[in-house]
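# Structural overview for review
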Amino acid sequence: MNPETAAGVFTAARSEFAAWSGRLWRPLGEILAAVARPRPGERVLDACCGTGASAIPAARAVGPDGAVDAIDVAEGLLDEGRREAAALGLGNLRFTAADVLTWPHDGYDVVQSAFGVFFFPDMDAGSRRLAGLLKPGGRFAVSTWRADGMSRIVPIGRAAALPDRPELEDAPPRPNHSARVDTADKLAGWLSSIGLRDVEVREVAYVQPLHPEDAWTFYLGSSMRGFVSGLSAEALDRVRARFFDGLREAGLDTLDAGALIGVGRRP
Ligand SMILES: C[S@@+](CC[C@H](N)C(=O)[O-])C[C@H]1O[C@@H](n2cnc3c(N)ncnc32)[C@H](O)[C@@H]1O
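Residues numbered from 1 in each chain as written. Predicted model: local features only at pLDDT ≥ 70, side-chain atom pairs only at ≥ 80, totals over all residues. Heavy atoms only, no water.

We now examine the overall build of the protein chain. Helix and strand counts for the protein chain come out as twelve helices and nine strands. Over its C-alpha atoms, taken along the principal directions, the protein chain stretches across nearly 50 × 40 × 30 Å. Relative to its 267 residues, the protein chain shows a buried fraction of 51%. As presented, the protein chain carries roughly 11500 Å² of accessible surface, and 53% of it is formed by carbon and sulfur atoms. Distance between charge centroids for the protein chain: 4 Å, based on 30 positive and 35 negative side chains. (Helix = DSSP H or I, 4+ residues; strand = E, 2+ residues; numbered from the N terminus. Buried < 20%, exposed > 50% of the residue type's maximum accessible area, 1.4 Å probe, protein only. Areas by Shrake-Rupley, 256 points an atom, 1.4 Å probe, with all protein chains shown as cover. Lys, Arg positive; Asp, Glu negative; His and termini not counted. Charge placed at Lys NZ, Arg CZ, Asp CG, Glu CD.)

Shown next as structure tokens:
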């Protein structure tokens, strides 16, 4: 997804994205930060920060002598993060609307990204660039989705949209970067391939009940929203009905948000 598309989709998704914070983004962001383990006084770059799910725990961890730069292209999500950071009195956390692939600052102790790197048009080049913003010895930590979890719902969402968005059929296939990093071995191999050392990958099992209405909120609050952007309210109702049918046919009444967290060091 190019950065302009991501900015449009995720800014429009703002309220539905936020609706899933408590059940999804926030707990998994907390876990990413727990594995990346920023220490008091460290400088952290949180790439593709959304509403700050991993940036906020990082800011708590680095304390007043540290600093966190949280970057996302979707301005709408940053507003939510800014509000929460202010309420928590986290003056060491700065949210900036930008394409993180052009972020000009470096010298970080930790660069972390929760469910972000697979949106980069070139996941390898983009991630190498981010890892290059670390000090030597600094930690690069990313979370990705485990195979056969989150990836099950997206084809159902796409199929539901197709009759009203036939052009999706002709859209050139987007490289599925997520599938390149969806097992512990693949993620470890990929982190090594972009030049990191001492790579470790941790698995997080996370399955939860999924009511169809909540699944629809998730649809509108995730990258699936791109399937329906620009559709009329009537068309959206049709997509929603087909999505519910698709979930029922697939027997999908849980959301498997199983994740992988990989960490490596810049040599
Ligand atoms: C699935 S969301 C995850 C957000 C957040 N890290 C979390 O876990 O809650 C992916 C985010 O990546 C952002 N994104 C994608 N490409 C980006 C880029 N090149 N620069 C900055 N943000 C980007 C999107 O705007 C979106 O907010």
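So much for the structure itself; the text now carries on.
A few words now on the sheet that holds strand 3 (residues 93-97). Pairing in this open sheet of seven strands is mixed, and the strands run 3-2-1-4-5-9-6 from one edge to the other. Each of the sheet's edge strands pairs with one partner strand only, and the pair in question is strand 3 and strand 6 (197-204). Here the strands of the sheet are splayed against their neighbours by 15° on average, with no regard to which way each runs. Both strand 2 (residues 67-72) and strand 3 contribute to a ladder of five bridges, which runs parallel. When the bridges of strand 3 are listed, alanine 70 appears paired with phenylalanine 95. Sheet strands touched by helix 5 (residues 75-87): strand 2 and strand 3. Its angle to strand 3, the strand with the most contacts, is close to 165°. Sheet strands touched by helix 9 (residues 184-193): strand 5 (134-145), strand 6 and strand 9 (259-265). Its angle to strand 6, the strand with the most contacts, is close to 155°. (Pairing = 2+ DSSP bridges. Axes fitted to C-alpha atoms, helices over the stretch in contact; angles between N-to-C directions. Contact = heavy atoms within 4.5 Å.)

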